[in-house]
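# Structure at a glance
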Amino acid sequence: MANVNLVVCTTTPNLTTTTYSSWCPSANRRIIVVDDIELAAAALEVSVKPEPIDNVRVQDMYALFIAFVAVLVTVWGVKQLLRLFTGDMERD
(Lines give C-alpha, C1' and ligand atoms only; values in the text may rest on other atoms or scores of the structure.)
Protein backbone atom coordinates (compact mmCIF):
# COMPACT_ATOMS: atom_id res chain seq x y z
CA MET A 1 0.00 0.00 0.00
CA ALA A 2 1.27 3.42 -0.89
CA ASN A 3 0.36 6.75 0.55
CA VAL A 4 -0.22 9.88 -1.45
CA ASN A 5 1.06 13.12 0.07
CA LEU A 6 -0.81 16.26 -0.91
CA VAL A 7 0.91 19.59 -0.33
CA VAL A 8 -1.70 22.29 0.14
CA CYS A 9 -1.51 26.00 0.77
CA THR A 10 -3.65 27.35 3.61
CA THR A 11 -3.79 30.84 2.11
CA THR A 12 -4.63 32.10 -1.36
CA PRO A 13 -1.53 31.56 -3.50
CA ASN A 14 0.23 34.52 -5.09
CA LEU A 15 0.29 33.33 -8.72
CA THR A 16 2.00 36.44 -10.09
CA THR A 17 5.40 34.97 -9.25
CA THR A 18 7.18 32.13 -11.06
CA THR A 19 8.19 29.70 -8.30
CA TYR A 20 6.17 27.50 -5.96
CA SER A 21 8.04 28.82 -2.94
CA SER A 22 6.83 32.31 -3.85
CA TRP A 23 3.28 31.12 -4.49
CA CYS A 24 2.88 29.61 -1.08
CA PRO A 25 5.33 30.45 1.73
CA SER A 26 6.54 27.44 3.71
CA ALA A 27 4.73 28.63 6.86
CA ASN A 28 1.41 28.29 4.99
CA ARG A 29 2.03 24.80 3.55
CA ARG A 30 0.42 21.70 4.99
CA ILE A 31 0.92 18.05 4.03
CA ILE A 32 -2.14 15.81 3.97
CA VAL A 33 -1.45 12.07 3.85
CA VAL A 34 -4.07 10.11 1.93
CA ASP A 35 -3.84 6.32 1.99
CA ASP A 36 -5.08 3.99 -0.74
CA ILE A 37 -8.43 3.25 0.92
CA GLU A 38 -9.32 6.93 1.33
CA LEU A 39 -8.08 7.63 -2.18
CA ALA A 40 -10.25 4.88 -3.67
CA ALA A 41 -13.34 6.07 -1.78
CA ALA A 42 -12.83 9.78 -2.38
CA ALA A 43 -13.61 11.69 -5.51
CA LEU A 44 -10.63 13.96 -5.96
CA GLU A 45 -10.99 17.02 -8.12
CA VAL A 46 -8.12 18.93 -9.59
CA SER A 47 -8.80 22.22 -11.25
CA VAL A 48 -6.14 23.38 -13.65
CA LYS A 49 -6.16 26.91 -14.94
CA PRO A 50 -3.87 27.65 -17.87
CA GLU A 51 -1.41 30.46 -17.48
CA PRO A 52 -2.19 33.44 -19.71
CA ILE A 53 0.11 33.88 -22.69
CA ASP A 54 2.79 36.46 -22.00
CA ASN A 55 3.60 38.78 -24.93
CA VAL A 56 7.29 38.90 -23.98
CA ARG A 57 7.50 35.11 -24.15
CA VAL A 58 5.79 35.09 -27.55
CA GLN A 59 8.30 37.65 -28.82
CA ASP A 60 11.19 35.57 -27.45
CA MET A 61 9.87 32.42 -29.13
CA TYR A 62 9.46 34.31 -32.41
CA ALA A 63 13.05 35.59 -32.18
CA LEU A 64 14.27 32.06 -31.42
CA PHE A 65 12.40 30.69 -34.45
CA ILE A 66 13.92 33.40 -36.70
CA ALA A 67 17.37 32.56 -35.31
CA PHE A 68 16.88 28.85 -36.09
CA VAL A 69 15.77 29.68 -39.63
CA ALA A 70 18.80 31.96 -40.08
CA VAL A 71 21.16 29.23 -38.88
CA LEU A 72 19.48 26.70 -41.17
CA VAL A 73 19.81 28.98 -44.20
CA THR A 74 23.43 29.80 -43.33
CA VAL A 75 24.43 26.15 -42.96
CA TRP A 76 22.62 25.26 -46.20
CA GLY A 77 24.33 28.14 -48.05
CA VAL A 78 27.78 27.19 -46.78
CA LYS A 79 27.12 23.57 -47.77
CA GLN A 80 26.14 24.67 -51.29
CA LEU A 81 29.27 26.81 -51.62
CA LEU A 82 31.41 23.96 -50.38
CA ARG A 83 29.81 21.62 -52.90
CA LEU A 84 30.42 24.17 -55.65
CA PHE A 85 34.14 24.52 -54.96
CA THR A 86 34.95 20.90 -54.04
CA GLY A 87 33.06 19.21 -56.87
CA ASP A 88 34.55 17.40 -59.81
CA MET A 89 35.95 20.20 -62.01
CA GLU A 90 36.60 17.97 -65.02
CA ARG A 91 32.98 16.90 -65.27
CA ASP A 92 31.71 20.49 -65.60
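Keep in mind it's a predicted model, so treat the numbers as computed, not measured.

Its boundaries defined by the atoms lining it, the largest pocket holds a volume of some 430 Å³. Lining the largest pocket, in full, are L15, T17, T18, W23, V46, S47, V48, K49, P50, E51 and P52. Tallied by class, the residues present in the lining of the largest pocket amount to six nonpolar, three polar and two charged.

A few words now on a nonpolar patch on the surface. Taken together, the side chains of Y62, F65, I66, V69 and V73 make up a nonpolar region of the molecular surface, amounting to roughly 500 Å² of accessible area. For V69, the location among the structural elements is in helix α3 (residues 55–86).

Looking at the chain, the pLDDT average stands at 80 and 79% of residues meet or exceed 70. Looking over the chain, one finds the lowest element-wise mean pLDDT in helix α2 (residues 36–41), namely 58, and the highest in α3, namely 94.

Definitions and limits used
- Residues numbered from 1 in each chain as written.
- Predicted model: local features only at pLDDT ≥ 70, side-chain atom pairs only at ≥ 80, totals over all residues.
- Heavy atoms only, no water.
- 1 Å grid on protein atoms, 1.4 Å probe; cavity = no way out; pocket = protein on both sides within 12 Å on 5 of 7 lines; lining within 4 Å.
- Points joined across faces, edges and corners; volume = space filled by probe spheres on them.
- Nonpolar A, V, L, I, M, F, W, Y, C, P; charged D, E, K, R; others polar.
- Patch = residues over 30% accessible without salt bridge, like charges linked within 9 Å, V, L, I, M, F, W, Y side chains within 5 Å.
- Areas by Shrake-Rupley, 256 points an atom, 1.4 Å probe, with all protein chains shown as cover.
- Salt bridge = Lys/Arg side-chain N within 4 Å of Asp/Glu carboxyl O.
- Helix = DSSP H or I, 4+ residues; strand = E, 2+ residues; numbered from the N terminus.
- pLDDT = per-residue confidence, 0-100.

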